[in-house]
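Chain by chain, the residues run as shown.
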Amino acid sequence: MTMKIFIPRESTAVSLGAHDVAQAFTHYASHHDIDLKIIRNGSRGLFWLEPMIEIETAQGRMAYGPVASSDVESIMADITDNICHEKPPCHTLALGLTEEIGYLKKQTRLTFARAGIIDPVSLDDYLALDGFKGLQKSLALSTQEIVTAVVESGLRGRGGAAFPTGIKWQTVRDAVAEQKYIVCNADEGDSGTFADKLVMECDPFMLIEGIIIAGLAVGANQGYIYLRSEYPIADEILQQAIKIANEAGYLGDNICGSGKSFNLEVRLGAEAYICGEETALLESLEGKRGMVRFKPPLPALEGLFGKPTIVNNVLSLAAIPFIMSQGSQAYQQYGTNRSRGTLPFQLAGNVKQGGLIELPFGSSLQDLIDDFSGGTASDRPIKAIQVGGPLGAYLPLNKLDIPLDYEAFSQASAVLGHGGIVVFDDSVDMLEQARFSMEFCVVESCGKCTPCRIGSTRGVEVIDRIKNNERRAENMTLLNDLCDTMIDGSLCAMGSMTPIPVRSAYNDFPQDFYLPTQESNHD
Amino acid sequence: MKIEFSSPLSNVENIIDSLKNKEGSLLPILHAIQKEVGYIAPQAIERIAIKLKQTPAEIHGVISFYHQFRTSPPAKYKIQICRAEACQSRGSRQLEVHAKSFLNIDYHQMTSDKKFSLDSVYCLGNCATGPNIRINDDLYGRISNEKFEQVLSNVDRELK
């Protein structure tokens, strides 16, 4: 009987040696005359276990990880001696049934339901697990019915701004124009985030399906995925999937025989963080410098080449197939307050168990850390957690009870954003982190607004003076004023949100800025 | 003026001709030329400008905006170290120091034998298994100082 082993082709697994592991299995099988089929799947998102390999058994898939090529011989022995005789595995890297791993079991996987299970470029695998059902249903609906379903799902932009997706779609649908566009923002540049990449590398047809449905909903026949060039594996997998979808009639001039057409192309960015901002992204797609545009006009009315354009994040578009196939209510029932559905959180940085954690909105950050992180990788105590990327606040331990919900975070002057969570232990110097936030803004500002372009350079200088105890109190006042200027005088989030991590650093970690702490104020 | 490396200027002309009718064709053209030749030479900029009916200054403006595009030949291996927050929390600041001293160059420089260049990058999306580096298109995770040296010596061996 053919033995089936799954080895991810996803970039984290590959960065840790998955290709070598696959080669070692092939080599072993050919030398031992074993009828082995290796399937290059996506990742389950349990990154501390990568490369994680799985073997198919009658009970379900059994996992081993993290596997190095030097482990392959002993793992194959465990498989042939134990698993093949229906005995439990006894290898030190054996993890048991994949579906029973607590980290996976505790999640609510709607968007990531297929990730790591399927071969990302197998159309059959995708169709077997509800693939293109949302598209089939959408083809039977009017454009307004599709938009209404998205409005009723409560889905909000997963890129970070959290604008209601359905409202954006309605605006584009109602705009009168010969040509409209769908642009998928896959310029995932925030530190601590990788959920977009996982979607593209593990379940690309889901994203393609979401984009086609968006096209149907607003009457657009051309889509672009603006992908950051730092993701070459995602590029390769998307190109393969788009080709397959074209050949199978899901893309092209006659989608599923409906007479409707939609074409999709991947365009690469060129290492510019600012191009994750939607108007800078549009400029870049047009072949220009990625300079931020004034709004209005909104991209929904005058977007790519001046035409009505939906610009949605990968995760927003990836949620659409579930909403259209299962119904708005099935999505909307998850979550809390105005944050509906699930958010794929990305747990990263100094933790033992980093990975992708899809949960309904509403549990607290503390619970997420307790349930999933396994503690810090360094075994030192946590000092700060940055949520929402490089423009998000650093939270101290006493603020970890904030519910994971857009409004609760913004009330706490923090940012939930794209759901990236980066943990730091007590060796971190928050003054250095604040300086880094300013430095990052220097490197990545598009230069359009003076407070962002020059203010960030001034920010680095002022923080250096504070560090060197040059008129520290006056420079703290200056830094605070500078933050106000950047907030009030910048067009986009780059300049106006850089002060968020900076301020959280000196407000919540005053000791690192040599400032009196609250306790000593009472002295 | 010559475009050395692997291909004659005619390839650049072919690349421009094959892509120029796409909507917003400039970035795809720049990527394709850089992939083929390694960099975008002044002569290539002139050809692009003529064929897209833009000025060389406009093309230069776009090239200089993006960190990725370059106008001079690259090192054989372009090393990028991620210095974003998630990698910092796992020791990338120490890795930066080590890499610079091991290669005896600073950021944005290349070794005298033109084998390696060193650059920073802000997030490679491998944030749960940092520190991370990228060498050309290949990503490497969990990079300790020792592993950095090991990866480089493997790459170096391939070069010979």
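Just so we're clear, the structure is a prediction, and the values are computed from it rather than from any experiment.

**Regarding the overall build of chain B**
Then step 1. A count of helices and strands for chain B gives 7 helices and 5 strands.
Then step 2. Listed by position from the N terminus, the elements making up chain B come as α-α-α-α-β-α-α-β-β-β-β-α.
Then step 3. When the backbone C-alpha atoms are referred to their principal axes, chain B occupies close to 50 × 35 × 20 Å.
Then step 4. Per-residue burial for chain B yields a buried fraction of 54% across its 160 residues.
Then step 5. Summarising the internal contacts of chain B: among those between residues at least 6 apart in sequence, 60% fall at separations of at least 24.
Then step 6. Just so you have it, chain B exposes about 7400 Å², and 49% of that area is on carbon and sulfur atoms.
Then step 7. In chain B, 21 side chains carry a positive charge and 18 a negative one; their mean positions are 1 Å apart.

**A word on a nonpolar patch on the surface**
Residues and elements named next belong to chain A.
Then step 1. Judged by side-chain polarity, Val151, Phe163 and Ile167 come together as a nonpolar surface patch covering roughly 250 Å² of accessible area.
Then step 2. Mapped onto the elements, Phe163 comes out in the loop between helix H7 (143-153) and helix H8 (165-174).
Then step 3. On the basis of relative accessibility, which here comes to 44%, the residue Phe163 falls in the partly exposed class.

**Remarks on the environment of Thr71(B)**
All names here are of chain B.
Then step 1. Relative to the assigned elements, Thr71 resides in the loop between helix H4 (56-65) and strand S1 (77-82).
Then step 2. Relative accessible area serves as the criterion here: at 39%, Thr71 is assigned to the partly exposed category.
Then step 3. C-alpha of Thr71 to C-alpha of Ala84: the two residues are 13 residues apart in sequence and 26 Å apart in space.
Then step 4. Non-local contacts of Thr71, meaning those with residues more than four positions away in its chain, are made with Tyr39, Ile40, Ala41, Pro42, Ile45 and Ile63.

**Considering the state of the cysteines**
Residues and elements named next belong to chain B.
Then step 1. Evaluated as defined, the whole model comprises 0 disulfides over all chains.
Then step 2. There is no disulfide at Cys127, and the cysteine sulfur nearest it, in Cys123, is 3.7 Å away.
Then step 3. Cys127 sits in the buried class, given a relative accessible area of 3%.

**As for the environment of Leu301(A)**
Residue and element names in this part refer to chain A.
Then step 1. Structurally, Leu301 is set in the loop between helix H12 (278-285) and strand S9 (309-313).
Then step 2. Overall, the relative accessible area of 42% leaves Leu301 in the partly exposed class.
Then step 3. It is 36 Å that separates the C-alpha atoms of Leu301 and Asp481, two residues lying 180 residues apart in sequence.
Then step 4. The contact partners of Leu301, leaving out residues within four places of it in the chain, are Thr171, Ala175, Gly306, Lys307 and Pro308.

**As for the interface of chain A and chain B**
Then step 1. With 63 residues of chain A at the interface, the matching set in chain B holds 40 residues.
Then step 2. In this assembly, chain A packs against chain B so that about 3900 Å² is buried in total across both faces, 51% of it on carbon and sulfur atoms.
Then step 3. At the junction of chain A and chain B, the tally comes to 4 salt bridges.
Then step 4. For Lys22(B), the salt bridge identified is with Glu265(A), shortest N-O distance 2.7 Å.
Then step 5. Counting every contact that joins chain A to chain B gives 34 residue pairs in polar contact (both at pLDDT 80 or more).
Then step 6. Listed by contribution, the elements that provide at least two residues to the side of chain A that touches chain B are helix H1 (11-15), strand S7 (222-227), strand S8 (263-268), H12, strand S12 (342-349), strand S16 (420-425) and helix H17 (430-444) of chain A.
Then step 7. Broken down by element, the residue count for the side of chain A that touches chain B peaks at 7 residues, all from H17(A).

**A closer look at the domain arrangement of chain B**
Then step 1. Split by domain assignment, chain B resolves into domain 1 (11-65) and domain 2 (77-158).
Then step 2. Domain 1 of chain B and domain 2 of chain B are separated by 29 Å when their C-alpha centres are compared.

**A short note on the domain arrangement of chain A**
Residues and elements named next belong to chain A.
Then step 1. Segmenting chain A into domains produces domain 1 (3-106), domain 2 (123-333), domain 3 (335-425) and domain 4 (430-512).
Then step 2. A separation of 30 Å is found between the C-alpha centroids of domain 1 and domain 3.
Then step 3. For the pair domain 1 and domain 3, the two sides together bury roughly 660 Å², of which 56% comes from carbon and sulfur.
Then step 4. Broken down residue by residue, the surface that domain 1 buries against domain 3 is led by Trp48, Tyr103 and Lys106, which jointly contribute 82%.
Then step 5. The interface formed by domain 1 and domain 3 contains 0 salt bridges.
Then step 6. Here the side of domain 1 that touches domain 3 is composed, by residue class, of 4 nonpolar, 1 polar and 1 charged.

Conventions adopted
Residues numbered from 1 in each chain as written. Chains lettered and ligands numbered in written order. Predicted model: local features only at pLDDT ≥ 70, side-chain atom pairs only at ≥ 80, totals over all residues. Heavy atoms only, no water. Helix = DSSP H or I, 4+ residues; strand = E, 2+ residues; numbered from the N terminus. Buried < 20%, exposed > 50% of the residue type's maximum accessible area, 1.4 Å probe, protein only. Contact = heavy atoms within 4.5 Å. Areas by Shrake-Rupley, 256 points an atom, 1.4 Å probe, with all protein chains shown as cover. Lys, Arg positive; Asp, Glu negative; His and termini not counted. Charge placed at Lys NZ, Arg CZ, Asp CG, Glu CD. Patch = residues over 30% accessible without salt bridge, like charges linked within 9 Å, V, L, I, M, F, W, Y side chains within 5 Å. Salt bridge = Lys/Arg side-chain N within 4 Å of Asp/Glu carboxyl O. Disulfide = S-S within 2.5 Å. Buried area = accessible area lost by both parts, 1.4 Å probe. Polar contact = N/O pair within 3.5 Å; in protein donor to acceptor, adjacent residues only side chain to side chain. Domains from an automatic or database assignment. Nonpolar A, V, L, I, M, F, W, Y, C, P; charged D, E, K, R; others polar.

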